[in-house]
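Close look at the chain arrangement
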Amino acid sequence: QVRLVESGGGSVQAGGSLRLSCAVYGYTYASRAYMGWFRQAPEKDREGVAAILTGLDLTYYHASVKGRFTISLDNAKNTVYLQMDSLEPEDTAIYYCAVGPPFDSWGGIGSWRDLSSYNSWGQGTQVTVSS
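Every value quoted in this text rests on a predicted model; they were computed, and no experiment measured them.

Topic: the state of the cysteines
All told, the structure shown has one disulfide when counted by the stated rule. The disulfide partner of C22 is C97, and the gap between their sulfur atoms is 2.1 Å. Since a negative S-S torsion denotes a left-handed disulfide, the C22-C97 link at about -80° is left-handed. Pair noted here: C22 is in strand β3 (residues 18–25) and C97 is in strand β9 (residues 93–99), with a separation of 75 residues, a long-range link. Neither residue differs from the other here; C22 and C97 are each classed as buried.

Encoded structure:
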């Protein structure tokens, strides 16, 4: 059973930085699978922030965070990171880590932004950015 545990959230002022970590347990890394970060602000839908495609190490970013956030994967530590710089009040949300099944098992035809491309989720960590 896959278990994801996020950490690193907190409160910062605009312009500050945070690094989120997602420890992944019970997951067998696939040659092609999405590992990503999503966020959900109050009264808004959950949206994809960034993702990495394992095996190819391709990365994807929401337009609003491109150039400010960096996703990375440390296979040795079974941890996915999200480095967030130049934070803005609009980044305030609960951030969730997610991993998806191997592409071989479902064809990999979904977008990294789709919630349905993932089948395991963490409990979330709060990020609050004040102006």
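Remarks on the side chain of S21
For S21, the location among the structural elements is in strand β3. Assessed through its relative accessible area of 16%, S21 is described here as buried. When residues no more than four places from it in sequence are discounted, the contact partners of S21 are V5, E6, S7, W37, T79, V80 and Y81.

Concerning unusual backbone geometry
With a phi angle near 55°, D57 is a residue other than glycine that sits in the positive phi range. Tracing the chain through its elements places D57 in the loop between β5 (47–53) and β6 (58–61). For D57, a relative accessible area of 51% translates into the label exposed. With a phi close to 50°, N78 is a non-glycine residue in the positive phi region. Mapping N78 onto the fold places it in the loop between β7 (69–74) and β8 (79–84).

Let's talk about the sheet that holds β7
Spatially, four strands are ordered β1-β3-β8-β7 in an open sheet, and the strand pairing comes out antiparallel. The open sheet has two edge strands with one neighbour each: β1 (3–7) and β7. The average undirected angle you get between the axes of adjacent strands in this sheet is 15°. One ladder, built from six bridges, connects β7 with β8; its direction is antiparallel. Among the inter-strand pairings, I71 is bridged to a residue of β8, identified as L82.

Parameters at a glance
For every chain, the first residue of the written sequence is number 1, and numbering continues from 1 along that sequence. It should be noted that, the model being predicted, local features are given only for residues of pLDDT at least 70 and side-chain atom pairs only at 80 or more, the latter also being counted only at that level, while totals for whole chains, interfaces and linings use all residues. By convention in this description, side-chain values take in all heavy atoms of the structure and omit both hydrogens and water. Criterion for a disulfide: a pair of cysteine sulfur atoms at a distance within 2.5 Å. Helical segments are the DSSP runs of H or I of at least four residues, strand segments are the runs of E of at least two, and each set is numbered from the N terminus. Type-normalised accessible area, obtained with a 1.4 Å probe on protein chains alone, sets the label of each residue: buried when under 20%, exposed when over 50%, and partly exposed for intermediate values. In this description, contact between two residues means that some pair of their heavy atoms is separated by no more than 4.5 Å. Whether two strands pair depends on DSSP finding at least two bridges between them. To obtain each axis, a line is fitted to C-alpha atoms, and for helices this fit is confined to the stretch in contact; angles are then taken between N-to-C directions over 0 to 180 degrees.

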